[in-house]
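This is what each chain is made of:
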Amino acid sequence: MFIHAVYFWLRPDLKPAERERFAAGLRSLRGIEGVQLGYIGVPAPTDRPVIERGYSNSLVLIFPDQATHDAYQVHPVHDRFRDECGGFWTTVRIFDSVTEDNGSAPTR
């Protein structure tokens, strides 16, 4: 499994309509062919020194493999999101990972 985790630091001066366009853009990414699961979130209210809470929004997408992720990267909906929403954030950080097992719970 291929996990694509994206963290956005939005500009503080965004108008409500721009925030909604950004949110709609995130939702559109979950519908791209090959996305198995997609989660959109905001920082959790956890409070420990090691936790990064400075971001505004997150997007976590699950793909079956890297080839499917790579196809997502060049999909027209993804390109449109970057073109239409790229000016809404000051920073974006992406963490891609692959699972080392099938994700099943350990047996006891």
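Cut-offs and rules
Residues numbered from 1 in each chain as written. Predicted model: local features only at pLDDT ≥ 70, side-chain atom pairs only at ≥ 80, totals over all residues. Heavy atoms only, no water. Pairing = 2+ DSSP bridges. Helix = DSSP H or I, 4+ residues; strand = E, 2+ residues; numbered from the N terminus. Axes fitted to C-alpha atoms, helices over the stretch in contact; angles between N-to-C directions. Buried < 20%, exposed > 50% of the residue type's maximum accessible area, 1.4 Å probe, protein only. Arc of directions from axis to C-beta. Contact = heavy atoms within 4.5 Å. Polar contact = N/O pair within 3.5 Å; in protein donor to acceptor, adjacent residues only side chain to side chain. Core = buried A, V, L, I, M, F, W, Y, C linked by side-chain atoms within 4.5 Å. Phe/Tyr/Trp six-rings, centres within 6.5 Å; stacked < 30°, edge-to-face > 60°.

Caption draft 1: Just the pairing of strand 1 (residues 2-10), in detail. Examined bridge by bridge, strand 1 and strand 3 (residues 57-63) share seven bridges and lie antiparallel to one another. Bridging across to strand 3, alanine 5 finds its partner in valine 60.

Caption draft 2: View of the sheet that holds strand 2 (residues 37-41). Across the sheet, four strands lie side by side as 2-3-1-4; this open sheet has antiparallel pairing. In the strand order of this sheet, the two ends are held by strand 2 and strand 4 (89-98), each with one partner. Averaged over neighbouring strand pairs, the angle between their axes works out to 10° when direction is ignored. With five bridges connecting them, strand 2 and strand 3 associate as antiparallel partners. In the sheet register, leucine 37 faces strand 3, and the bridge partner there is isoleucine 62.

Caption draft 3: View of helix 2 (residues 66-73). Listed in full, the buried residues belonging to helix 2 are Thr68, His69 and Tyr72. One face of helix 2 carries all of its buried residues, which in axial projection span an arc of 100°. On its buried face, helix 2 sits against strand 1, helix 1 (16-30), strand 3, helix 3 (76-85) and strand 4. Looking at where helix 2 begins, the residue whose side-chain oxygen comes 3.3 Å from the main-chain nitrogen of alanine 67 is aspartate 65.

Caption draft 4: Molecular detail of the nonpolar core. One finds Phe8, Phe22, Leu29, Leu59, Tyr72 and Phe81 to be the most contacted residues of the largest nonpolar core, which totals 19 residues. Elements with a contribution of two residues or more to this core: strand 1, helix 1, strand 3 and helix 3. If you tally residues by element for this core, the top one is strand 1, at four residues.

Caption draft 5: Representation of the packing of aromatic side chains. Applying the stated rule across the entire model yields 10 aromatic pairs. With a centroid separation of 6.0 Å and an interplanar angle of 80°, the aromatic rings of phenylalanine 8 and phenylalanine 81 are classed as edge-to-face. Of the two residues, phenylalanine 8 sits in strand 1 while phenylalanine 81 sits in helix 3, which places them 73 residues apart along the sequence. The class for phenylalanine 8 is buried, based on a relative accessible area of 3%. Between phenylalanine 22 and phenylalanine 81, the ring centres sit 6.0 Å apart and the planes meet at 45°, which makes this aromatic pair tilted. Of this pair, phenylalanine 22 sits in helix 1 while phenylalanine 81 sits in helix 3, placing them 59 residues apart in sequence. With respect to burial, phenylalanine 22 and phenylalanine 81 carry one shared label: buried.

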